[in-house]
Amino acid sequence: MKTYLRQLLVSVCLCATASVVVAAEPTAAEEGLRISTERKVRDTGWGDTEASMTMILRDARGRESRREMRTLTLEVLDDGDKALTIFDEPRDVRGSAFLTHTKALEQDEQWLFLPAVNRVRRIVSRNKSGPFMGSEFAYEDLSSFELEKFSFNYLRDEQFHGEDCYVIEQIPQDEFSGYSRMLVWIDKSHYRVQQIEYYDRRGALLKTLTMHDYQQYKDKFWRPHRMEMLNAQNQKSTSMLLNEILFDRGLTDADFDQNALQRAR
Amino acid sequence: MQQFWLNSALRHPWLTISWALLAILIMSAGMSQLYFRGDYRIFFSPDNPQMLAFEQMQNEFNKSDNILIAIAPREGDVFSPEILELIWRFTDAAWQTPYSSRVDSITNFQHTEAVDDDLLVEDLLLQPAMLDADKIAGMRQVAMSEPALYRSLVSSDGKVAAINVIVQLPEIDQNQEVVDAYEHVLALSAQFATEYPQVDFYHAGILALNYAFASEAEKDASTLVPLMFLVIVLMLLLLLRSFSAAMATVVIILVTIFSTLGIAGWLGIFLSTATVNVPTIVMTLAVADCVHVIASMQFALRQGKSKEEAIHYSMTRNLMPIFITSITTSIGFLTLNFSEVPILRDLGNMTAVGVMLACLFSVTLLPALLRLLPAKVVPVSHTANGIEKLANFVVLQHRKILPIGIILMLGLAAFAATNQVNDVAVKYFDKRTDFRQSLDFIEDNLTGTANLDFAIESQQTSGVNDPAFLTHVARFADWLEQQPEVTHVASITHVFKRLNKNMHGDDPDYYRLPEQQDLAAQYLLMYEMSLPFGLDLNNQLNLDKSATRVTATLQNLGSKELTGFEQRALAWLATEMPDYTSSAASTALMFAHIGERNMASMLKTLPFALVLISALLIISLRSWRLGVFSLIPNIMPALVGFGIWALYSGEINLGLSVVASISLGIIVDDTVHFLSKYQRGLREGQDTEGAVRYAFHSVGRALFVTTVVLMAGFAVLAMSGFRLNSDMGLLTGLIIMLALIIDLLVLPALLLRFDNKGKSNENLSTTTAG
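Residues numbered from 1 in each chain as written. Chains lettered and ligands numbered in written order. Predicted model: local features only at pLDDT ≥ 70, side-chain atom pairs only at ≥ 80, totals over all residues. Heavy atoms only, no water.

Residues and elements named next belong to chain B. Their axes nearest at 8 Å, the elements helix α7 (residues 206-240) and helix α8 (residues 243-266) cross at an angle of 145°. As α7 runs across α8, the sense of the crossing is right-handed. Contacts between α7 and α8 involve Phe229, Ile232, Val233, Leu236, Leu237 and Leu240 from the former and Phe243, Ala245, Ala246, Thr249, Val250, Ile253 and Leu254 from the latter. The residue makeup of the contact of α7 with α8, split by class, is 12 nonpolar, 1 polar and no charged. (Axes fitted to C-alpha atoms, helices over the stretch in contact; angles between N-to-C directions. Helix = DSSP H or I, 4+ residues; strand = E, 2+ residues; numbered from the N terminus. Left-handed = near helix turned anticlockwise from the far one by under 90°. Contact = heavy atoms within 4.5 Å. Nonpolar A, V, L, I, M, F, W, Y, C, P; charged D, E, K, R; others polar.)

Our next topic: the domain arrangement of chain A. Per the domain assignment, the segments making up chain A are domain 1 (2-27) and domain 2 (38-263). Measuring from the centre of the C-alpha atoms in domain 1 of chain A to the corresponding centre in domain 2 of chain A gives 45 Å. (Domains from an automatic or database assignment.)

All names here are of chain B. The first and last C-alpha atoms of helix α15 (residues 467-482) sit 22 Å apart over 16 residues, in line with the 22 Å expected at 1.5 Å per residue. Where α15 is concerned, the buried positions are Pro467, Phe469, Leu470, Val473, Ala474, Phe476, Ala477, Trp479 and Leu480. Where the residues of α15 are buried, they touch β8 (450-457), β9 (486-490), α16 (492-503), α17 (517-530), β10 (547-554) and α18 (559-576). (Expected span 1.5 Å × (residues − 1). Buried < 20%, exposed > 50% of the residue type's maximum accessible area, 1.4 Å probe, protein only.)

The subject of this paragraph is the pairing of strand β12 (residues 221-231) of chain A. Residue and element names in this part refer to chain A. Most of β12 is tucked away, with 9 of its 11 residues classed as buried. Relative to β12, strand β11 (residues 205-217) runs antiparallel, the two being bridged by 10 bridges. Within the sheet, the bridge partner assigned to glutamine 216 lies in β12 and is tryptophan 222. Remark: 3 residues form the turn of the hairpin made by β11 and β12, two consecutive strands paired antiparallel; lysine 218 in that turn has positive phi of roughly 50°. Note that β12 and strand β13 (residues 237-247) share 5 bridges and pair antiparallel. For methionine 229, the partnering residue across the bridge sits in β13 and is threonine 238. (Pairing = 2+ DSSP bridges.)

Note: most peptide bonds trans; most residues except glycine with negative phi. Here A:Glu89 and A:Pro90 are connected by a cis peptide whose omega angle stands at 0°. Note that A:Pro90 resides in the loop between β3 (82-89) and β4 (97-101). For B:Asp506, which is not a glycine, the phi torsion comes out positive at approximately 60°. You can see B:Asp506 is positioned in the loop between α16 and α17.

Among the secondary structure elements, B:Glu146 is positioned in the loop between α5 (133-145) and β5 (161-167). In contact with B:Glu146, other than residues within four places in its own chain, are B:Phe109 and B:Arg498.

It is worth spelling out the side chain of B:Asp670 at this point. Residues and elements named next belong to chain B. In this structure, aspartate 670 sits in helix α22 (residues 659-683). Despite its burial, aspartate 670 pairs with no opposite charge, the nearest such side chain being lysine 677 at 11 Å. Those residues in contact with aspartate 670 that sit more than four places away from it in its chain are Leu703, Thr707, Ala739, Leu740 and Asp743. (Lys, Arg positive; Asp, Glu negative; His and termini not counted. Salt bridge = Lys/Arg side-chain N within 4 Å of Asp/Glu carboxyl O.)

General note: in soluble globular proteins, nonpolar side chains tend to be found buried as a group. Residues and elements named next belong to chain B. The biggest cluster of nonpolar side chains holds 266 residues, and the ones touching the most others in it are Phe43, Ile106, Phe454 and Phe476. With 15 residues, α7 is the single largest residue contributor to this core. Listed in part, the 41 residues of the second largest apolar core include Ile387, Leu617, Leu703 and Ile742. (Core = buried A, V, L, I, M, F, W, Y, C linked by side-chain atoms within 4.5 Å.)

Turning to α5(B), a few remarks are in order. Note that an α-helix has 3.6 residues per turn; residues three or four places apart therefore point the same way. Residues and elements named next belong to chain B. Here α5 contains 13 residues, and its C-alpha end-to-end distance of 19 Å stays within 8% of the 18 Å for a straight helix at 1.5 Å per residue. Those residues of α5 that sit buried are Ile136, Met139, Val142 and Ala143. Viewed end-on, α5 has its buried residues packed into an arc of 130°, placing them on one side of the element. Seen from the buried face of α5, the exposed residues on the opposite side, beyond 90 degrees, are Ala133, Asp134 and Gln141. Elements in contact with the buried residues of α5: α4 (81-94) and β3 (110-115). At the N-terminal boundary of α5, the capping side chain belongs to aspartate 132, with an oxygen 3.1 Å from the backbone nitrogen of aspartate 134. (Arc of directions from axis to C-beta. Polar contact = N/O pair within 3.5 Å; in protein donor to acceptor, adjacent residues only side chain to side chain.)

Opposite the 44 residues of chain B that make contact, chain A presents 44 residues. Interface area for chain B against chain A, summed over the two sides, is near 3,800 Å², with a carbon-plus-sulfur share of 53%. Together, B:Met529, B:Phe533 and B:Leu543 form the three largest contributors to the area buried by chain B at its contact with chain A, with a combined 21%. Remark: the boundary between chain B and chain A carries 3 salt bridges. A salt bridge links A:Arg122 to B:Asp118; its shortest N-O distance comes to 3.0 Å. One can count 17 residue pairs in polar contact (both at pLDDT 80 or more) joining chain B with chain A. Only α3 (49-60), β2 (100-104), β4 (118-123) and α17 of chain B provide two or more residues apiece to the side of chain B that touches chain A. For the side of chain B that touches chain A, the residue count by class is 19 nonpolar, 14 polar and 11 charged. Looking at chain direction, strand β6 (residues 119-125) of chain A and β4(B) are connected through 4 bridges and run parallel. (Buried area = accessible area lost by both parts, 1.4 Å probe.)

This next bit is on the UniProt feature "domain: SSD" (unreviewed entry) in chain B. With numbering aligned to this structure, UniProt lists the feature "domain: SSD" (unreviewed entry) at residues 246-372 and 626-753 of chain B. As annotated, residues 626-753 of chain B comprises 88% helix and 2% strand, and the C-alpha atoms at either end are separated by 14 Å. (UniProt positions renumbered as here; feature names shortened; annotations may be inferred.)

Structure representation (structure tokens):
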């Protein structure tokens, strides 16, 4: 009995020492989570937005094709955000609209409205890594950032775009993600994402996303006005240009249900 | 000049050897620059129109480099829980293939199903745990009716399934990239083969072809070249019967090969399926030079001359013939520069350089070496007696030999024109190679292994959504499917039809094209959204959706049939769809055209080479008359050889298209040697018969020996698993043998019959000259 107590005492002491050491020197996972949490916190509370965007698709030889669209977004505090995208160009898809309810843990919900069919269809698919409108962006690249979707590791500090950045490794928790991991450059000054490298399932670099022309809204929230996605494997690229973004449009859940999808023009 | 050179080689052998070694070292250092290339592009020059068309199409649409793995259970079909699980696991594992961007199989096919207002898009087999009798029946039904799968990723009888791995090679070190990706897949197959011993695995695709090109070349380099070397050493020992002479020859061969490869390296020439056998050919040709030098020396030694005198005797006799024969051989190989195929040009240039180097070394380094090595008198061999008997036979029977010979020659030569050009990359590989066996299996049991891509331009942005355009494309797809050669057609119109059905609650009546442009465009938008990782529309539609690509999979046709099919399809498009522009391209089509193009250019250069070589001969013999006589033994062997080939095979590929040129350069040597000795006989005052006997006596054995060596060399080449090389070796060897027969039977018979009046002139000119 005495020995048992002594052993217990020793192990308790050891544990205590260990935790003290950890507290002094956070692990890479803890540091990664702290930085990513800070990133999320700094971008919380923006409410709703309405944006118009231009997407320029380029093939390996630099030939271009343009897409125009508008996106309404509603922040959902305890889950993924809701987004409604309305396509304006090319003309033959004008009025088509796509509604997403991002979920932190479960499968996202998606609906599509095609004016030529004049019916709303729910699309049930695990594919999040397919191309968004033929671009180099995948759906999962554009959906809202939720901490629950990833595990994090802090890797190092590095200068990028002239900013001191943290480099964080993000590992998707969804087995149907197209990526094995991502490297994210987050600047220390405002916790904005400056660059993301996407690695495919066999661990090879697939795409690199860089953010440009950050502007601040409501004295708090930063939005990049230009995003460049370059596919390292097929040399195709896509520019996503944010033409205009308006905050506080008074959007509610009713603007993001299936009926709203049919009304959207 | 000649005296000075001989004196330095004979009096200061060490100095000669030192200079030669220095030069050899400098040249050979280039070997470090050599590298292997195995991709199919090495067969095409950068301005090849079919390759340009193909690259244009690859730029417009996605690249289609792939590895196809066929999975064939020995019993039953693939629709069993076990095999479906294997396909599922292999599909999953194949994503780890280096440079892969997409893996497709019946298990991860994106099956779309309409349930009320929901559109369900899911892998046809998401988890093997879901497999029960119902699921399997459902999978079979989808696989057998879906155009994207049926006879493409599953055979019509369900006994074979396939996994297609699309790769995007960065093309920095393409050879290594091909090896990395392909060997990864091979390792996966090997691993699954141990786990599933009842299943066979086969491999095909562009990467398999590239890998086979490279691995067969390396196999040739590691087996044929050493084998050739061994054969030559053995033959030299046997024929020269002198260890030191054989060793001297081996040294000359080695330094010639190293210098040749080194120069190729300095020039930036890479090794390929064609050039990897340059050492074998150069070795063969270098031996001929050495044999002439050594045979003459041994002849002089037998006559009681000292070693130094014997070398001197041999050199003065052989300098000119060796030089002339090397020049003619080089010309033969240099005509390959008119070939359409870059690697055949490399083969020609490297061999031409090698032949001239062999000439250089055998008149500098060889005498120096012979001077230092011990020499013994070699007794006369039996062949010499045989040669005398042959000379007697020809002299006595020439009135019979000539007509029989001419009838035989003309009779066989008549067949030469019946050969057909046929270039199919797959058939370049011998039936015993793994690649060929795999391809043949897939061809017999799953689907064709040749593709033909058609790009159809609507001429306007988003034009592919135009119902009129789609209707035409669908009709073209239908037409293709009706062609007997076609095993599978991939067309965007299939996708449109399926989506239309899905959007109408999976009603089979709606399996048809959408009737309005905006509806079609919106279907595409929806389809794009349902696509999985690594798949986009770009493999069927270009960036601004103005053009579509329709891919037909064909039985592996001969090149004539393939170009014929191409013409038929393009003619259909031109008449039925005159408002749109279309083009066709594929690697198979590139090979189908290259054979014809190459043959045409080689046939054009052949007369040029013949005239040049004959002119050289006339100048060196200083006799128009003998020049005219030389035409028959120079031209006939190739004609007769191709005639025999027509009876044996009847198909001519890239490798054979150059045989006439290179064999011409080689066989001329025999004629030069025989006629120059005949001429010397005449000059020494003998009559035609005496001069013929003299020629037999002095050069017959050497001709026999060199022909045996050359035939052995090309016979070794004939053992290659790569038919461009093996066919070239076989036919060249045959032509060289025919050349000897013609030179030793028909040519002397011709001289005996027709060269009576020339004799007196010859004597006169010699008298005046003397």
